[in-house]
Amino acid sequence: MEQIKENKMGTQKMLPLLLSMSLPAMFSMLVQALYNIVDSVFVSRLGVDALAAVSLAFPIQTLMISVAVGTGVGINSLISRRLGERRFEEANKAASHGIFLGLFSWIPFLLFGFFFSEAFMRMFSGNENVVRMGVDYLSIVSIFSGGCLVEICCEKILQATGNMVYPMLFQLSGAITNIILDPVFIFGYLGVPAMGVAGAAIATVIGQVVSMVFALLVLCFKEHHVKIELKGFRFEWRTIREIYAVGLPSIVMQAISAFLNMGLNGILAGFSDTAVAVLGAYYKLQSFIFMPAFGMNQGLMPILGYNYGARKKSRFLSATRLGAVFMVGLMALGVLLFVLFPEPLLNIFKESGQAAADAELLRIGVPALRIISLSFLPAAFGILFSTVFQATGKGIQSLVVSLLRQMIILLPAAWLLSLTGEVTNVWFAFPVAEILACFVSIWMFWNLYRKHLKNL
């Protein structure tokens, strides 16, 4: 490995570079979205209660991913900036720390799974069937979450070097494993007993462990722009501080969606379990739009971080402009799908043989998808500028944007609209929050440009 050689992120033409960096991540995120929705489709065949149980557990899964992705974003930002500055030893230290930080992140979720799963489920439902299935699912995915936490950190380490193919393969291996095992464990095939919702959780964690093992083998035994040094490893608080200067705001930013989801579940539970199930179905469906968008950001962030560290202003701004074009295009596609085809999308989650339940799902869900999709275009700018702030080490600005989008505006607006007694009105909180947050993110980017980018 020749570290003195200029990294492609500082030399290659921007459009081919962004496509080569983003497309593998976008593809892997699409597969991830597919496995998320397949999981819910299988679970929905067990009934609305089962879908509601998994929907209520979803915020904790989101929280796990938030901790892993936020830590990984801090690692990614630090490695890409150090590579741009040609401080290779410090990039290696950041990469080595990433593995151990992923392992330490597992501890709180392990404890939660053992001791707090049932208390959490009872906070949101008095339906004993929903609680029972929710506890089965949530305890399994929490106790065995180490695979998810470590694998995501491995992904971010490699993405920081410009390697997007292996992270795609890591995600593919886990997602395909999950998709294959879901029906086996849920319904009981190939001699395996039918385990229902618990089977879905078992398939999920097996897929995550497969991804983690694959990722660790590649990271430790293949040659990359960074070297993992596990022998004689010692934590350095300076490196940890630098990782979490960006990573901690990113964890909070990512975790906001988990707390938002909990809050919305609490609000919607006041209407019906079906309303909760609709929100769960929405989050699965929108992942087909948002997951590729986040995949594009995974390709964009190391490019921005590298060129910011290398003080290449024109390349930094070129990447930002291209990112905006692609992001708006993806979100526009999402608006069209949700406005024109809400019923076919929701029919994916119909419960076989339960006409009344299916009709209620469509009655609440069709207007929900159409209204929420109005938030997609302004969300494009909020998500893009959050990535710009993270790549430049401005984690607080990124956090502010996400707080506005997903907590400060959205949740109070949803609660106020719920007081009208009409569940349909609650969905308008989404576009209100995204439009206001969009204007704030544009203003903060302009300040970043004036103070840090203009004279780069």
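Residues numbered from 1 in each chain as written. Predicted model: local features only at pLDDT ≥ 70, side-chain atom pairs only at ≥ 80, totals over all residues. Heavy atoms only, no water.

The name an unreviewed UniProt entry gives the protein chain is Probable multidrug resistance protein NorM, with Candidatus Merdivicinus excrementipullorum as the organism. Taken verbatim from the UniProt record of the protein chain, the Subcellular location (unreviewed entry) comment is "Cell membrane". Checking UniProt for the protein chain, the heading Sequence similarities (unreviewed entry) contains the comment "Belongs to the multi antimicrobial extrusion (MATE) (TC 2.A.66.1) family." (UniProt positions renumbered as here; feature names shortened; annotations may be inferred.)

A. Examining the overall build of the protein chain more closely. When helices and strands are tallied, the protein chain shows 18 helices and zero strands. Over its C-alpha atoms the protein chain spans a radius of gyration of 21 Å, differing by no more than 12% from the 23 Å that the globule rule assigns to 456 residues. If you take every contact in the protein chain between residues at least 6 apart in sequence, the share linking residues at least 24 apart comes to 82%. When the accessible area of the protein chain is evaluated, it comes to approximately 17,800 Å², of which 68% is carbon and sulfur surface. When the 32 positive and 24 negative side-chain charges of the protein chain are each reduced to one mean point, those points stand 15 Å apart. (Helix = DSSP H or I, 4+ residues; strand = E, 2+ residues; numbered from the N terminus. Rg over C-alpha atoms; globule rule 2.2 N^0.38 Å. Contact = heavy atoms within 4.5 Å. Areas by Shrake-Rupley, 256 points an atom, 1.4 Å probe, with all protein chains shown as cover. Lys, Arg positive; Asp, Glu negative; His and termini not counted. Charge placed at Lys NZ, Arg CZ, Asp CG, Glu CD.)

B. Inspection of the nonpolar core at higher detail. Of all hydrophobic cores here, the largest spans 148 residues; its most connected members are Ile79, Ile157, Leu264, Tyr282, Met331, Trp427 and Phe430. Not counting residues within four places of it along the chain, the set of residues in contact with Ile79 comprises Ala91, Ala94, Ala95, Ile157, Ala160 and Val226. (Core = buried A, V, L, I, M, F, W, Y, C linked by side-chain atoms within 4.5 Å. Buried < 20%, exposed > 50% of the residue type's maximum accessible area, 1.4 Å probe, protein only.)

C. Fine view of the packing of aromatic side chains. The final tally for this structure, using the stated rule, is 21 aromatic pairs. Look at Tyr282 and Phe430: their rings are 5.8 Å apart centre to centre, the planes differ by 70 degrees, and that puts the pair in the edge-to-face class. Taken as a pair, Tyr282 in helix H10 (residues 273-309) and Phe430 in helix H18 (residues 429-453) lie far apart in primary sequence, 148 residues in all. Tyr282 gets classed as buried once you look at its relative accessible area, which sits at 4%. A relative accessible area of 6% means that Phe430 is categorised as buried. (Phe/Tyr/Trp six-rings, centres within 6.5 Å; stacked < 30°, edge-to-face > 60°.)

D. Broad picture of the packing of helix H2 (residues 48-84) against helix H5 (residues 128-143). Closest axis-to-axis distance for the H2/H5 pair is 8 Å, and the angle between their directions is 30 degrees. Judged by the angle between their axes, H2 and H5 are roughly parallel. Between H2 and H5 lies a crossing of right-handed hand. Where H2 abuts H5, its residues Asp49, Ala50, Ala52, Ala53, Val54, Leu56, Ala57, Ile60, Gln61 and Met64 lie against Asn129, Val130, Met133, Gly134, Tyr137, Leu138, Val141 and Ser142. (Axes fitted to C-alpha atoms, helices over the stretch in contact; angles between N-to-C directions. Parallel < 35°, antiparallel > 145°, perpendicular 65-115°, else oblique. Left-handed = near helix turned anticlockwise from the far one by under 90°.)

E. Region of interest: the environment of Arg241. Its place among the elements puts Arg241 in helix H9 (residues 237-269). Here Arg241 falls in the exposed class, since its relative accessible area comes to 56%. Residues Arg241 and Ser77 lie 164 residues apart in sequence; the distance between their C-alpha atoms is 13 Å.

F. Region of interest: unusual backbone geometry. Although it is not a glycine, Leu190 sits at a positive phi angle of roughly 55 degrees. Here Leu190 shows up in the loop between helix H7 (165-188) and helix H8 (197-221).

G. The arrangement of the pattern of salt bridges in detail. Under the criterion given, the structure shown has seven salt bridges. Arg122 is the partner of Glu128 in a salt bridge, and the nearest nitrogen-oxygen pair spans 2.8 Å. In this structure Glu128 comes out as partly exposed when scored by relative accessible area, which is 47%. For Arg122, a relative accessible area of 39% gives the class partly exposed. In this structure, Glu360 and Arg363 form a salt bridge, with 3.0 Å as the shortest nitrogen-oxygen distance. Taken together, the positions of Glu360 and Arg363, both in helix H13 (residues 355-372) and three residues apart, correspond to about one turn of that helix. You can call Glu360 partly exposed: its relative accessible area is 26%. Assessed through its relative accessible area of 51%, Arg363 is described here as exposed. (Salt bridge = Lys/Arg side-chain N within 4 Å of Asp/Glu carboxyl O.)

H. Layout of the side chain of Ser80. Along the chain, the position of Ser80 falls in helix H2. According to the relative accessible area criterion, Ser80 is buried, its value standing at 0%. Only 3.2 Å separates the side chain of Ser80 from the backbone oxygen of Ser77, close enough to count as a polar contact. Leave out the neighbours within four places in its chain, and Ser80 touches Ala160, Pro302, Gly305 and Tyr306. (Polar contact = N/O pair within 3.5 Å; in protein donor to acceptor, adjacent residues only side chain to side chain.)

I. Local environment of a nonpolar patch on the surface. A cluster of nonpolar side chains, namely Leu103, Phe104, Ile107, Leu111, Phe114, Phe115, Phe116 and Phe235, defines an oily patch on the protein surface of about 830 Å² accessible area. In this structure, Leu111 sits in helix H3 (residues 88-115). Classification of Leu111 by relative accessible area gives partly exposed; the value is 42%. (Patch = residues over 30% accessible without salt bridge, like charges linked within 9 Å, V, L, I, M, F, W, Y side chains within 5 Å.)

J. Region of interest: helix H15 (residues 395-408). The largest bend in H15 comes to about 30 degrees, at Ser402. For H15, every residue scored as buried is listed here: Gly395, Ser398, Leu399, Val401, Ser402, Leu404, Arg405 and Gln406. (Bend = angle between axes of the 7 residues up to and from the residue.)

K. View of the state of the cysteines. One pass over the structure, following the stated rule, counts zero disulfides. Among the cysteines around Cys220, which has no disulfide bond, Cys154 carries the closest sulfur, lying 7.2 Å off. Its relative accessible area of 32% is what places Cys220 among the partly exposed residues. (Disulfide = S-S within 2.5 Å.)

L. Broad picture of the confidence of the model for the protein chain. Per-residue pLDDT for the protein chain has a mean of 85; in total, 95% of the residues score no lower than 70. Here helix H1 (residues 14-44) stands out as the element of the protein chain with the lowest mean pLDDT, 78, in contrast to helix H17 (residues 423-426), whose mean of 94 is the highest. (pLDDT = per-residue confidence, 0-100.)

M. Structural view of the packing of helix H11 (residues 313-340) against helix H14 (residues 376-391). Running from N to C, H11 and H14 point in directions that differ by 150 degrees, and their axes come no closer than 8 Å. Accordingly, the angle class assigned to the pair H11 and H14 is roughly antiparallel. For the element pair H11 and H14, the recorded crossing hand is right-handed. Two secondary-structure elements touch here, H11 through Phe316, Thr320, Gly323, Ala324, Met327, Val328, Met331, Ala332, Gly334, Val335 and Phe338 and H14 through Phe376, Leu377, Ala380, Phe381, Ile383, Leu384 and Val388. Within the contact of H11 with H14, the residues separate by chemical class into 15 nonpolar, three polar and no charged. (Nonpolar A, V, L, I, M, F, W, Y, C, P; charged D, E, K, R; others polar.)

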